[in-house]
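As a plain string of letters, each chain reads:
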Amino acid sequence: MAEKPMCIPTQIPDDEDTQKEDNIRCLTMFGPFGFECLPHQLVNRSIQQGFSFNLLCVGETGIGKSTLINTLFNTNLKDKKSSHFYPNVELKIQTYDLQESNVQLKLTVVKTVGYGDQINKEASYQPIVDYIDAQLEAYLQEELKIKRSFVDYHDSRIHVCLYFISPTGHSLKSLDLSTMKSIGSKVNIIPLIAKADTISKNDLQKFKCKIKSELVSNDIQIYQFPTDDETTAQVNTSMNGHLPFAVAGSMDEVKVGKRMVRGRQYPWGVIQVENENHCDFVKLRDMLLCTNMEDLKEQTHTLHYERYRCCKLQRIGFTDVGPDNQPVSFQETYEVKRQEFYDQCQREEEVLRQKFMQRVKEKEITFKEAEKELQDKFEQLKRVHQEETIKLEEEKRQLEEEIINFYKMKAGSETFQTQGCASIKKDKERKK
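Keep in mind that what you see is a predicted model, and the values were worked out from it rather than measured.

Draft legend 1. Examining the nonpolar core more closely. One finds Leu162, Ile190, Phe245, Leu284 and Leu288 to be the most contacted residues of the largest nonpolar core, which totals 35 residues. At the level of elements, strand S3 (51-58), helix H2 (65-72), strand S5 (103-113), strand S6 (160-165), strand S7 (189-193), helix H7 (281-291) and helix H8 (293-316) are the ones that each hand at least two residues to this core. When residues in this core are grouped by element, the largest group, five residues, is from H7. In this structure, Val89, Leu136, Leu175 and Leu177 belong to the second largest nonpolar core, which totals 34 residues.

Rendered as structure tokens:
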């Protein structure tokens with residue numbers, strides 16, 4: 001076996017101030033070590049663990065999302081047809097376990113339901129944005145746990161968004177522009193012209209150029225196939241020029257000549273799904289599944305998730321450097337934020353205490369005023385009562401005097417009447 005160079009880090013004293021590359025010596029190995037089998041170990045472990053891929057399909061109802069996914073994975077995912085009468089945009093999430101040879105794939109397909117069916121389409125993209133952010137947030141929360149379990153954790157972050165464009169042949173709709181602009185910085189977007197068999201080739205090329213121009217003019221970010229790998233640089237560069245892909249899907253088999261192909265039968269001929277002269281389905285499948293699936297997952301983690309994580313931590317107040325542009329550890333930042341939070345709590349507690357004391361004083365003043373008002377009212381009622389009592393006593397005394405006078409007059413009247421009767425009786429006796 002030919003000799004191979006081997007790089008081993010050497011032990012460097014702490015007081016040496018040298019560049020990092022100067023601390024490494026390149027040595028020559030005189031026999032096989034065995035670490036050349038590391039790639040095989042990674043492949044075996046990956047095959048045992050299986051792979052996962054999360055796909056988001058955004059497009060109007062009936063545009064062919066389910067048909068294209070079935071055609072991509074050459075299987076019937078048994079998805080029910082959606083209605084056009086949803087009041088709001090919803091997301092349908094389904095997970096499938098697929099296997100090709102000895103490779104297992106956990107496929108999660110998220111589809112929009114009711115997208116573009118509402119009269120007011122201003123907020124139609126918001127449920128999509130909320131869902132993408134929720135998956136990024138869930139991964140961040142799992143990452144920040146003390147005891148993490150990424151081995152068993154199902155990563156639900158969206159790896160690619162297939163955005164289905166209606167084959168109008170004119171331009172993108174305002175809903176298309178607003179949606180792609182909103183999610184372009186959060187997910188890898190691959191724009192697709194759906195039902196490409198409904199538009200002529202000349203109109204299709206013009207439509208593609210129009211879409212590219214509108215994406216650039218509106219500063220919409222779409223996924224570009226990587227060109228830094230020599231093995232795929234040429235084909236990826238060529239495929240970048242074919243975006244957006246014009247696709248057509250079908251699970252039906254039709255007879256062309258002496259062979260059966262997947263396609264659509266029309267009175268004027270057959271559209272073959274896997275014929276690159278008819279549509280870009282094969283290009284999409286090769287780029288999405290065969291060539292760049294791992295890059296899509298890597299871009300999701302290193303670009304979109306890191307951007308979300310950075311913005312979230314910065315909003316919380318964490319930073320990598322201090323005011324003097326010196327590195328700051330997570331512990332130092334935590335202690336600073338903890339002290340700031342404690343001080344803020346103290347200040348807010350003092351403010352609340354002052355407000356509480358002020359409210360108590362105001363209530364005391366209000367209660368004292370109410371008490372004084374009640375006391376004054378009580379004294380007034382007491383005086384009125386006393387006056388009424390005196391008046392009643394005076395009336396009672398007068399009434400008693402009148403009663404006494406009445407009885408005196410009655411007695412005198414009875415005496416006078418008795419005397420009168422006696423005198424009359426005597427006069428009668430005299431006349432006899």
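Draft legend 2. Expanded view of the packing of aromatic side chains. Enumeration according to the criterion identifies seven aromatic pairs in this entry. Geometrically, the ring pair formed by Tyr115 and Tyr163 is edge-to-face, given 6.4 Å between the ring centres and 90° between the ring planes. Taken together, the residues span a long stretch of sequence, with Tyr115 in the loop between S5 and helix H3 (126-143) and Tyr163 in strand S6 at a distance of 48 residues. An identical accessibility class is assigned to Tyr115 and Tyr163; each is buried. An angle of 25° between the planes, with centres 6.1 Å apart, marks the rings of Phe225 and Phe245 as stacked. Here the residue Phe225 occupies a position in the loop between helix H5 (201-217) and helix H6 (233-240), and Phe245 occupies one in strand S8 (residues 245-246), the gap between them amounting to 20 residues. Here Phe225 falls in the buried class, since its relative accessible area comes to 3%. Within the aromatic cluster, the residues linked to one another by ring pairs are Tyr139, Tyr153 and Tyr305. Positioned above the aromatic ring of Tyr139 is the side chain of Arg157, whose terminal nitrogen or guanidinium carbon lies 3.6 Å from the ring centre.

Draft legend 3. Structural context of the pattern of salt bridges. Tallying each qualifying case throughout the model produces 17 salt bridges. Glu349 is paired through a salt bridge with Arg353; the nearest N and O atoms lie 3.2 Å apart. Highlighted residues: Glu349 and Arg353, both in helix H9 (residues 330-431), separated by four residues, approximately one helical turn. By relative accessible area, which is 39% here, Arg353 ends up partly exposed. Ionic pairing is found between Arg397 and Glu394, a salt bridge with its closest N-O pair at 2.2 Å. Residue Arg397 and its partner Glu394 are both found in helix H9; the two are separated by three residues, about one turn of the helix. On the basis of relative accessibility, which here comes to 37%, the residue Arg397 falls in the partly exposed class.

Draft legend 4. Quick look at the sheet that holds strand S11 (residues 269-272). An order of S9-S10-S11 is seen for the three strands of this open sheet, with the pairing classed as antiparallel. Single-partner strands in this sheet number two, and they are strand S9 (253-256) and S11. The average angle at which neighbouring strand axes cross in this sheet is 70°, direction not considered. Across four bridges, strand S10 (residues 259-266) lies against S11 in antiparallel orientation. By the bridge assignment, Arg264 is partnered in S11 with Ile271.

Draft legend 5. Region of interest: the side chain of Thr232. Note that Thr232 resides in the loop between H5 and H6. The residues contacting Thr232, other than those within four sequence positions of it, are Pro226 and Thr291.

Draft legend 6. Local environment of a nonpolar patch on the surface. A surface patch of nonpolar side chains, amounting to about 430 Å² of accessible area, comprises Leu399, Ile403, Phe406 and Tyr407. Residue placement: Phe406 occurs in helix H9.

Draft legend 7. Local environment of the pairing of S10. Pairing of S9 with S10 involves four bridges; the strand directions are antiparallel. Among the inter-strand pairings, Val256 is bridged to a residue of S10, identified as Arg259. Between S9 and S10, which follow one another and run antiparallel, lie two residues, and Gly257 among them has a positive phi close to 70°. Hairpin connection between S10 and S11: a loop of two residues separates the two successive antiparallel strands.

Draft legend 8. Inspection of the packing of H3 against helix H4 (residues 174-183) at higher detail. With their axes 10 Å apart at the nearest point, H3 and H4 run at an angle of 15° to one another. On the basis of the axis angle, H3 is roughly parallel to H4. Handedness of the crossing formed by H3 with H4: right-handed. Contacts between H3 and H4 involve Ile128, Val129 and Ile132 from the first element and Thr179, Ser182 and Ile183 from the second. The class makeup of the residues in the contact of H3 with H4 is four nonpolar, two polar and no charged.

Draft legend 9. Here's a closer look at unusual backbone geometry. Omega for the peptide link from Leu243 to Pro244 comes to -5°, which places this bond in the cis form. Looking at where Pro244 falls in the secondary structure, it is placed in the loop between H6 and S8. Unusually for a residue other than glycine, Asn74 sits at a positive phi of about 50°. For Asn74, the location among the structural elements is in the loop between H2 and strand S4 (90-100). Phi angles above zero are rare outside glycine, and Lys195 is one such case at about 50°. Topologically, Lys195 is positioned in the loop between S7 and H5.

Draft legend 10. The arrangement of the packing of H3 against H8 in detail. Their axes nearest at 10 Å, the elements H3 and H8 cross at an angle of 75°. With respect to H8, the element H3 is oriented roughly perpendicular. Here Asp133, Leu136, Glu137, Tyr139, Leu140 and Glu143 of H3 lie close against H8, whose contacting residues are His301, Tyr305, Tyr308, Arg309 and Lys312. Class assignment for the residues of the contact of H3 with H8 results in five nonpolar, one polar and five charged.

Cut-off values and rules
- Each chain has its residues counted from 1, running along the sequence as written.
- In keeping with the model being predicted, local features are shown solely for residues with a pLDDT of at least 70 and side-chain atom pairs are shown and tallied solely at 80 or more, while totals for entire chains, interfaces and linings include all residues.
- Based on all heavy atoms of the structure, the side-chain values leave hydrogens and waters out of the count.
- Take the buried Ala, Val, Leu, Ile, Met, Phe, Trp, Tyr and Cys residues and link them wherever side-chain atoms come within 4.5 Å; each set so joined is a nonpolar core.
- A simple rule labels every residue: compare its accessible area, found with a 1.4 Å probe on the protein chains alone, to the largest value its type can have, and call it buried under 20%, exposed over 50%, or partly exposed in between.
- Secondary structure follows DSSP: runs of H or I at least 4 residues long count as helices, runs of E at least 2 residues long count as strands, and numbering of each begins at the N terminus.
- In this scheme Phe, Tyr and Trp rings, the latter by its six-membered ring, pair at centre separations within 6.5 Å, and the angle between planes marks the pair as stacked below 30 degrees, edge-to-face above 60, and tilted otherwise.
- To sit over a ring, a charge needs its Lys NZ or Arg CZ within 6 Å of the ring centre and within 35 degrees of the ring normal.
- Salt-bridge detection follows one rule: a side-chain nitrogen of Lys or Arg within 4 Å of a carboxyl oxygen of Asp or Glu.
- By this definition, two strands are paired if DSSP reports at least two bridges between them.
- Axis definition: a line fit to C-alpha positions, over the contact stretch in the case of helices; interaxial angles, taken between N-to-C directions, run 0 to 180 degrees.
- In what follows, a contact means two residues having at least one pair of non-hydrogen atoms within 4.5 Å.
- Each patch is built from residues that are more than 30% exposed by relative accessible area and take part in no salt bridge. Like charges join if they lie within 9 Å; nonpolar side chains (Val, Leu, Ile, Met, Phe, Trp, Tyr) join within 5 Å.
- Here, Shrake-Rupley sampling with a 1.4 Å probe gives the accessible areas, and only protein chains in the shown set may cover a residue.
- Throughout this description, any angle smaller than 35 degrees is read as roughly parallel, any larger than 145 degrees as roughly antiparallel, any in the 65 to 115 degree range as roughly perpendicular, and the remainder as oblique.
- Two helices crossing with the near one rotated counterclockwise from the far one by less than a right angle form a left-handed crossing, whereas a clockwise rotation gives a right-handed crossing.
- Just so you know the grouping, Ala, Val, Leu, Ile, Met, Phe, Trp, Tyr, Cys and Pro go in nonpolar, Asp, Glu, Lys and Arg go in charged, and all remaining residues, Gly too, go in polar.

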